Amino acid sequence: MDIKPIECSDVVALVQAIFDNMLQLPCEAADTQSDDLARTEERLVGCVQIQGDWVGAVEISTPLNFGRKAAGAMLMVPVEDVSMEDIQDTIAELSNMVGGSIKAILPGQSTLSLPSVASGQGLDFKLANVVHTQSIALRSDDTDFSVSIRHFDAATA
């Protein structure tokens, strides 16, 4: 299947709708994402894979402090009451919702995996057989985060 980038504006609109509905947090496209920041501060990366006519993955990468705010908002509890498990569950659920929304606009039939979440400093998340990555920089609550869409070459898998 041809690799056609998903319109950035479509991804931003999907993420905005999810953030508005689930977190009551505004979200907007950001100009750029700082790679240096991603290497030095503690982050979370949530990922879901898509299998079918289109094969790939959707990732959300966010600083830990924003994961804490998102978890507090989703669970409707003060951020100081949020555990690391709550944060990871929230990023997993956001990954699942964003991935499912993106899957819905892809051509053909496909299925979505369960979400995975990694956390730590200096994360270098690698997926095998990726032939195209599209990264969309976003901002919410004065915090930068990103959504990456990775397309696999199923022939080399």
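The model shown is predicted, which means the values in this text are computed figures rather than measured ones.

1. Focus: the packing of helix α1 (residues 8-23) against helix α4 (residues 84-105)
Inference 1: It is at 10 Å that the axes of α1 and α4 come closest, and there the two elements cross at 140°. Considering the angle they form, α1 stands oblique to α4. Note on packing geometry: the crossing formed by α1 with α4 is right-handed. Together, Asp10, Val11, Leu14, Val15, Ile18, Phe19, Met22 and Leu23 of α1 and Leu94, Met97, Val98, Ser101, Ile102 and Ile105 of α4 make up the contact between the two elements.
Inference 2: A breakdown of the residues in the contact of α1 with α4 according to their chemical character gives 12 nonpolar, one polar and one charged.

2. Observations regarding the environment of Val79
Inference 1: Turning to its location among the elements, Val79 is positioned in the loop between α3 (64-75) and α4.
Inference 2: Along the chain, Val79 and Gly67 lie 12 residues apart, while their C-alpha atoms are 9.8 Å from each other.
Inference 3: Not counting the four nearest positions on each side in its chain, Val79 is found in contact with Arg68 and Lys69.

3. Digging into the pairing of strand β2 (residues 43-52)
Inference 1: Counting buried residues in β2 gives seven out of 10 residues, a clear majority hidden from the surface.
Inference 2: Of the pairings in the sheet, the one linking β2 to strand β3 (residues 56-63) comprises eight bridges and is antiparallel in character. Among the inter-strand pairings, Gln49 is bridged to a residue of β3, identified as Ala57.
Inference 3: Here β2 folds back onto β3, and the loop between the two strands holds three residues.
Inference 4: Where β2 lies against strand β5 (residues 116-120), five bridges are found, and the strand directions are antiparallel. Residue Val45 lies in a different strand from β5, and its bridge partner there is Ala118.
Inference 5: Relative to strand β4 (residues 110-112), β2 runs antiparallel, the two being bridged by three bridges. Paired with Ile50 across the two strands is Leu112, which belongs to β4.

4. Considerations on the nonpolar core
Inference 1: Grouped together as the largest cluster of nonpolar side chains are 33 residues, with contacts concentrated most on Val15, Phe19, Leu94, Ile102 and Val147.
Inference 2: Of all the elements in the fold, those that place two or more residues in this core are α1, β2, β3, α3, α4, β6 (130-140) and β7 (143-152).
Inference 3: Those residues in contact with Ile102 that sit more than four places away from it in its chain are Ile6, Val11, Leu14, Val58, Val147 and Ile149.
Inference 4: Core analysis: the second largest hydrophobic core is formed by five residues, Val55, Ala57, Leu127 and Phe152 among them.

5. A word on the packing of α1 against α3
Inference 1: Contact geometry of α1 with α3 gives a least axis separation of 8 Å together with a crossing angle of 55°. By the angle between their directions, the pair α1 and α3 is classed as oblique. Contact residues: Phe19, Met22 and Leu23 in α1; Phe66, Ala70, Ala73 and Met74 in α3.

Definitions and limits used
- Residues numbered from 1 in each chain as written.
- Predicted model: local features only at pLDDT ≥ 70, side-chain atom pairs only at ≥ 80, totals over all residues.
- Heavy atoms only, no water.
- Axes fitted to C-alpha atoms, helices over the stretch in contact; angles between N-to-C directions.
- Helix = DSSP H or I, 4+ residues; strand = E, 2+ residues; numbered from the N terminus.
- Parallel < 35°, antiparallel > 145°, perpendicular 65-115°, else oblique.
- Left-handed = near helix turned anticlockwise from the far one by under 90°.
- Contact = heavy atoms within 4.5 Å.
- Nonpolar A, V, L, I, M, F, W, Y, C, P; charged D, E, K, R; others polar.
- Buried < 20%, exposed > 50% of the residue type's maximum accessible area, 1.4 Å probe, protein only.
- Pairing = 2+ DSSP bridges.
- Core = buried A, V, L, I, M, F, W, Y, C linked by side-chain atoms within 4.5 Å.

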